[in-house]
Amino acid sequence: MSNIILYGAGKRGIAIEAILHSKGIQIKAFADSFKGGEVLCNGNRKYNIVKSFDVEDRIIITIAGTETANKIAKELILKGINIITLEDILGKENDKVSINRGIIADYHKYAMSDYFDNAELIDNISIFWSENSPFKIFFDYLDLTNVIELACGKGRHVMQYIDKAGAITLVDILAENIDDCKRRFSKENKILYLNNNGYDIHELGSGLYTALFTYDAMVHFELLDIFNYLKETYRVLKTGGRALFHHSNNTEDYKVNFLSGMHGRNYMNSSLFAYLANRAGLTILDQKIIPWGKVQSLDCITLVEKK
């Protein structure tokens, strides 16, 4: 019998159960400070919400927000309860960057259908494309003759720029997203598609592209994966080509990751990003720190150029 208990019976905990289940790993139960009864996962898997633990139980904290999660973890540790991470369960053979890259992809696959639906709403599209949006202001500096959209999701941004683009390459780590884009834009002949590995775009040729951009995705990425993408950006861009990145400005805790960070923001900030871009050979043209939701200064957008 499994001895894994997920502490946090909300959306995040249910998503982590789905990730574990997809890998053949069962959990014993959920725990929660404010809920009792049962948790229903994916329509047919039921778990009790427990209020006490056995000595052999292993607890994964699945509460969003680093401060709250750390507080609960400390309380449980003082009681002698064994705290582990999802990385511990999934990380027997892989490094932490690879593990967390997989967790990010799996979370989007199993737990973000509502997110993808809501992302299509006009209010959410306007965050990026209204005339006074800092995203739109920076985007207008890109030459769209041959543009890459990295981490394109289900293609919500494409219709905002397709008429201005010569050729488009859509890239995403999830095959399901690429398949959805192929169906969505089946009548368009200017779009190519790449289901990549989540840390490079080696299938794309060097020095061929005039622009690259990514919105509402790199905020979740591992820092070392971002550096890989910055090096790849330098490689694929033509001289004079530009790239626009929407990334995290969150360094609240050096242990922060996609699952624990506010709004899923991973470890990165404007200065770190500028440093990495510089080391990749790119020139910083502009940066703007912006809020996300109700959290001030949580994100940043950075415009770079290959000189």
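Presented here is a report on the structure given in the accompanying data block. (Residues numbered from 1 in each chain as written. Predicted model: local features only at pLDDT ≥ 70, side-chain atom pairs only at ≥ 80, totals over all residues. Heavy atoms only, no water.)

Concerning the environment of R58
Here comes step 1: Among the structural elements, R58 can be located in strand 5 (residues 58–61).
Here comes step 2: Sequence-distant contacts of R58, defined by excluding residues within four places in its chain, comprise N3, I4, I5, N82, I84 and I89. (Helix = DSSP H or I, 4+ residues; strand = E, 2+ residues; numbered from the N terminus. Contact = heavy atoms within 4.5 Å.)

Details of the sheet that holds strand 1 (residues 4–7)
Here comes step 1: With mixed pairing, six strands are arranged side by side in an open sheet as 3-4-2-1-5-6. Only two strands of the sheet have a single neighbouring strand rather than two, namely strand 3 (38–41) and strand 6 (82–84). Neighbour-to-neighbour, the strand axes of the sheet open up by a mean angle of 35°, direction not taken into account.
Here comes step 2: Taken together, the two bridges between strand 2 (residues 29–31) and strand 4 (residues 45–50) define a ladder with parallel strand orientation. Opposite A31, over in strand 4, you have V50 as the bridge partner. (Pairing = 2+ DSSP bridges. Axes fitted to C-alpha atoms, helices over the stretch in contact; angles between N-to-C directions.)

As for the nonpolar core
Here comes step 1: Within the largest apolar cluster, 29 residues are counted, with the highest numbers of intra-cluster contacts made by F139, Y161, I168, L170 and L244.
Here comes step 2: For this core, the elements supplying multiple residues, two or more each, are helix 6 (122–129), helix 7 (134–139), helix 8 (158–161), strand 8 (167–172), helix 9 (175–184), strand 10 (209–214), strand 12 (283–292) and strand 13 (295–305).
Here comes step 3: The residues touching Y161, leaving out its near neighbours within four places in the chain, are W129, F139, L144, V147, E149, I168, L170 and F213.
Here comes step 4: Counting 27 residues, the second-largest nonpolar core is a separate cluster that includes A15, V39, Y107 and F116. (Core = buried A, V, L, I, M, F, W, Y, C linked by side-chain atoms within 4.5 Å. Buried < 20%, exposed > 50% of the residue type's maximum accessible area, 1.4 Å probe, protein only.)

Structural notes on the packing of aromatic side chains
Here comes step 1: The tally for this structure, following the rule as stated, stands at 17 aromatic pairs.
Here comes step 2: Pairing Y115 with F116 gives two aromatic rings, centres 5.3 Å apart and planes at 65°, and the pair type is edge-to-face.
Here comes step 3: Taking relative accessible area as the criterion, Y115 reaches 23% and is therefore assigned partly exposed.
Here comes step 4: Under the relative-accessibility criterion, F116 is labelled buried at 12%.
Here comes step 5: Pairing Y161 with F213 gives two aromatic rings, centres 5.3 Å apart and planes at 85°, and the pair type is edge-to-face. Of the two residues, Y161 is situated in helix 8 and F213 in strand 10; the sequence distance between them amounts to 52 residues.
Here comes step 6: By relative accessible area, F213 is classed as buried at 0%.
Here comes step 7: The structure contains a cluster of three or more aromatic residues connected by ring pairs, namely F128, W129, F135, F139, Y161, F213, Y215 and W292.
Here comes step 8: Positioned above the aromatic ring of Y234, the side-chain terminus of K306 is 4.6 Å from the ring centre. (Phe/Tyr/Trp six-rings, centres within 6.5 Å; stacked < 30°, edge-to-face > 60°. Lys NZ or Arg CZ within 6 Å of the ring centre and 35° of its normal.)

With respect to the pairing of strand 13
Residues in a regular strand project their side chains so that they alternate between the two faces of the sheet.
Here comes step 1: With eight of 11 residues buried, strand 13 lies mostly within the body of the structure.
Here comes step 2: Pairing geometry for strand 11 (residues 237–248) and strand 13, over seven bridges, is antiparallel. Bridge pairing in strand 13 links H247 to C300.
Here comes step 3: Between the antiparallel neighbours strand 12 and strand 13 lie two residues, among them G293 with a positive phi of about 60°.

Describing the packing of helix 1 (residues 11–22) against helix 4 (residues 96–111)
Here comes step 1: Contact geometry for helix 1 and helix 4: axes closest at 9 Å, N-to-C directions at 105°. It follows from the interaxial angle that helix 1 and helix 4 lie roughly perpendicular. Contacts from K11, R12, A15, A18, I19 and S22 of helix 1 reach helix 4 at I103, D106, Y107, Y110 and A111.
Here comes step 2: Taken together, the residues of the contact of helix 1 with helix 4 break down into seven nonpolar, one polar and three charged. (Parallel < 35°, antiparallel > 145°, perpendicular 65-115°, else oblique. Nonpolar A, V, L, I, M, F, W, Y, C, P; charged D, E, K, R; others polar.)

Concerning the pattern of salt bridges
Here comes step 1: Using the criterion set out here, one finds 17 salt bridges in the structure.
Here comes step 2: E305 serves as the salt-bridge partner of K307, at 2.9 Å between the closest nitrogen and oxygen.
Here comes step 3: It is possible to trace a salt-bridge network through shared partners that takes in K28, D54 and D57. (Salt bridge = Lys/Arg side-chain N within 4 Å of Asp/Glu carboxyl O.)

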